[in-house]
Amino acid sequence: MRRRTGVALLGAVLAYAVLPGVALADTKDAAAAGALPDSVAINSVWVLVAALLVIFMQAGFAFLEIGFSRAKNAGTVVAKILTNFSIAAIAYWAVGFAFAFGAGAIIGHDGFFLRDYGDPQQAFPIMGLSDATIESKWLFQFSFCAVSLAIVWGTTLERIKFAVYILYAIVFAAFIYPIASHWVFGGGWLQSNVGMQDFAGSTAVHLIGATGALAVLLQLGARRGKYGADGKPRAIPGHSMPLFGLGVLILWLGWFGFNPGSTLGAMDGRFTEVALVTMLAAAAGVLGAIAVARWKTGTIDIGMAGNGAIGALVAITAPSGYVEAWAAPIIGLIAGIIVPLGVYAIDRYIDDPVGALTAHGLCGVWGTLACGIFTSPGLAAYNAVGQAGLIYNGSFHQLGSQALGIVTVFAFVFTLSYATFYAIKKTVGLRVTAEEEDAGLDISEHGMYGYPEQFIPAPELIGYSPAPGMVPARETPRGATTKEVPV
Amino acid sequence: VKKIEAYIRHESFEPIRMELLGLGFPSLSISEVKGSGRQKGITERYRGAELTNWLRPKVKLECVVASQDVQTVVDAILKHARTGQIGDGKVFVMPVEEAYRIRTGESGEETLQAHPEVAAQATA
């Protein structure tokens, strides 16, 4: 019965989605009549290119997490990124985009399945500043949702059940992210009424992701062997610093879509200024992080150099459209200093293998607050959100708005995420068994290794038949890993 | 003089190591090995096709001690390596003809393991 209801519901959803809509016809008719303004084409090209850069960040997250995992957990990251990216696309198309960017103070309500929204300037008022097509804007905003979701999982590497990725991704991409980001940069009450400034999502993307990460981590626990009998943290080195570095540089590149793309248009040339600000902050972040790592540990830590870049990029995300170029290296440098100190402090209590709580969480908070300090009067007026920062007018008003936004978003996302993970924990469970964790998630969750030659001795990998007298392969229970059964 | 050669699970090495250190047996070698016994293999599925892997990874621990110390070391290994499940491994004890310390050229039982005062420091 439940199954039949599910099928009927799915059928209704599909029927609604394929019925001819009015959205796609808008630009086509205008173009046929020779009336499509050049600005629509130019702005749409820039927004689409920016969206593709942000989509490429999925590769960055994949390689960063793979590099920081042990070799036995490398393959599962690939499956996770692809699955989550796809769930986010469908969920964001169905309801997420409407909740996030439709009109409304608390929650948006136009454009479900991206159709029947009428005039896009009225249905999605906050994006009315640009005449780029709604499809390009959708792809861009969806790629943000996918980034935020990817941030959640870096903390959970090497011990989480694959099913958790799927279940939380649905809730996150359909409800948690759209509603919280609507408040911050979708035209909701934090942006319109409080005047919170978050240009590209230090809070709306990065802090939301890191908050989800904290919610799951508190219920998931540390990897086996992370903390010794004396309670001290031990290093569990990732298996590939080169892959980690590739991931960082892909993310860095992707950020040139993330921040400059948030102009949603190219006609005013602002996007190049935002790109400059983004670059300067990231550079200062790397230098700050390696300096602090050298000072605290005596070596220039490879992972810290990368996390310094990420932390600074996260921090400059909110101010990138609000500050002058001179402020960018200062914001980035402070983020770079926060990164090693945050990682060392957090590592003593909870096991965050990639440092996402620091790079996306603490640096997201810092970046959002930085608006309240460094926002220039001219850019606050240009963006028509909030007012100038502390150093320009000596007022703490904007800093207060930023803090209110951070606290509100954190409380909302943490509560919903904690409840979702609690429900998952009580039903399907969050963690794999100790045996599966020792064997690695590649073999326990996927039945195959990311690096087969490393785990299967060469004589067996040639692939002749099993040794005589051995049990036929099909009698091995699915998912059996270290479970021992006498022959 | 005897050599003890044990094939054990990876996770049992650390507790064995700590106990042997405390007992004054710091000198040992380990290697990563792959072998088969009664423990069942695992099946990997790669794009629908199966690949069964019978050789499982183990740690080989080698330790040379004076004959009267053999039982102490073997007991430490048995104590920590046993889970009661198939796949716990095996221990072999074999005779050794002679032992030399390369640095000094001295030979005999005094070259094995730590000097008593060093062992005393380790346990203190």
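1. Considering the environment of Ala434 of chain A
Residues and elements named next belong to chain A.
For step 1, the next point in the chain: Within the secondary structure, Ala434 is located in helix α18 (residues 434-439).
For step 2, the next point in the chain: A relative accessible area of 29% means that Ala434 is categorised as partly exposed.
For step 3, the next point in the chain: Taking the C-alpha atoms as reference points, Ala434 and Phe172, separated by 262 residues in sequence, lie 28 Å from one another.

2. So, helix α17 (residues 397-427) of chain A
For step 1, the next point in the chain: Here α17 of chain A spans 45 Å end to end across 31 residues, near enough to the 45 Å set by a 1.5 Å rise per residue.
For step 2, the next point in the chain: Gly429 of chain A, located one to two residues past α17 of chain A, shows a positive phi value of around 90°.

3. Focus on the packing of aromatic side chains
Residues and elements named next belong to chain A.
For step 1, the next point in the chain: Taken as a whole and assessed by the stated rule, the structure comprises 33 aromatic pairs over all chains.
For step 2, the next point in the chain: Each ring, one from Trp153 and one from Phe421, has its centre 6.1 Å from the other, and the planes form 85°; the classification is edge-to-face. Pair noted here: Trp153 is in helix α6 (residues 134-153) and Phe421 is in helix α17, with a separation of 268 residues, a long-range link. The two residues Trp153 and Phe421 agree in class, both being buried.

4. Details of the side chain of Asp442 of chain A
All names here are of chain A.
For step 1, the next point in the chain: Relative to the assigned elements, Asp442 resides in helix α19 (residues 441-446).
For step 2, the next point in the chain: One buried charge, Asp442, has no salt-bridge partner; the nearest side chain with opposite charge is Lys72, at 10 Å.
For step 3, the next point in the chain: A distance of 2.9 Å separates a polar side-chain atom of Asp442 from the backbone nitrogen of Gly450.
For step 4, the next point in the chain: With near-sequence residues (within four places) excluded, Asp442 lies in contact with Ala71, Lys72, Asn73, Ala74, Gly75, Thr76, Gly447, Met448, Tyr449 and Gly450.

5. Considerations on the side chain of Thr263 of chain A
All names here are of chain A.
For step 1, the next point in the chain: Within the secondary structure layout, Thr263 lies in the loop between α10 (241-258) and α11 (270-297).
For step 2, the next point in the chain: Residue Thr263 is classed as buried on the basis of its relative accessible area, which comes to 9%.
For step 3, the next point in the chain: Among the polar contacts listed, one links the side chain of Thr263 to the backbone oxygen of Gly265, at a separation of 2.9 Å.
For step 4, the next point in the chain: Apart from residues no more than four positions distant in its own chain, Thr263 is found in contact with Trp46, Leu129, Phe199, Arg270, Phe271 and Val274.

6. Section: the environment of Gly386 of chain A
For step 1, the next point in the chain: With respect to the helices and strands, the residue Gly386 of chain A is situated in the loop between α15 (377-383) and α16 (390-393).
For step 2, the next point in the chain: Each C-alpha atom of the pair Gly386 of chain A and Met196 of chain A lies 6.1 Å from the other, and the pair is 190 residues apart in sequence.

7. Some thoughts on the environment of Pro340 of chain A
All names here are of chain A.
For step 1, the next point in the chain: If you trace the backbone, Pro340 turns up in helix α13 (residues 327-347).
For step 2, the next point in the chain: Judged by its relative accessible area of 0%, Pro340 falls in the buried class.
For step 3, the next point in the chain: On a C-alpha basis, the gap between Pro340 and Tyr451 in space is 31 Å, while along the polypeptide they are 111 residues apart.

8. Notes on the sheet that holds strand β1 (residues 2-8) of chain B
Residue and element names in this part refer to chain B.
For step 1, the next point in the chain: In space, the four strands of this open sheet follow the order β2-β5-β1-β6, with antiparallel pairing throughout. Looking at strand neighbours, the two that pair on one side only are β2 (29-35) and β6 (90-95), the edges of this open sheet. For this sheet, the mean angle separating the axes of adjacent strands, direction not counted, is 25°.
For step 2, the next point in the chain: Pairing of β1 with β6 involves six bridges; the strand directions are antiparallel. Within β6, the residue paired with Ile4 across the bridge is Val93.
For step 3, the next point in the chain: The strands touched by helix α1 (residues 10-23) are β1, β2 and β5 (56-65); relative to β5, the strand with the most contacts, the crossing angle is about 25°.
For step 4, the next point in the chain: Helix-sheet contacts for helix α2 (residues 70-81) involve β1, β5 and β6, and the interaxial angle to β1 is about 5°.

Conventions and cut-offs
- Residues numbered from 1 in each chain as written.
- Chains lettered and ligands numbered in written order.
- Predicted model: local features only at pLDDT ≥ 70, side-chain atom pairs only at ≥ 80, totals over all residues.
- Heavy atoms only, no water.
- Helix = DSSP H or I, 4+ residues; strand = E, 2+ residues; numbered from the N terminus.
- Buried < 20%, exposed > 50% of the residue type's maximum accessible area, 1.4 Å probe, protein only.
- Expected span 1.5 Å × (residues − 1).
- Phe/Tyr/Trp six-rings, centres within 6.5 Å; stacked < 30°, edge-to-face > 60°.
- Lys, Arg positive; Asp, Glu negative; His and termini not counted.
- Salt bridge = Lys/Arg side-chain N within 4 Å of Asp/Glu carboxyl O.
- Polar contact = N/O pair within 3.5 Å; in protein donor to acceptor, adjacent residues only side chain to side chain.
- Contact = heavy atoms within 4.5 Å.
- Pairing = 2+ DSSP bridges.
- Axes fitted to C-alpha atoms, helices over the stretch in contact; angles between N-to-C directions.

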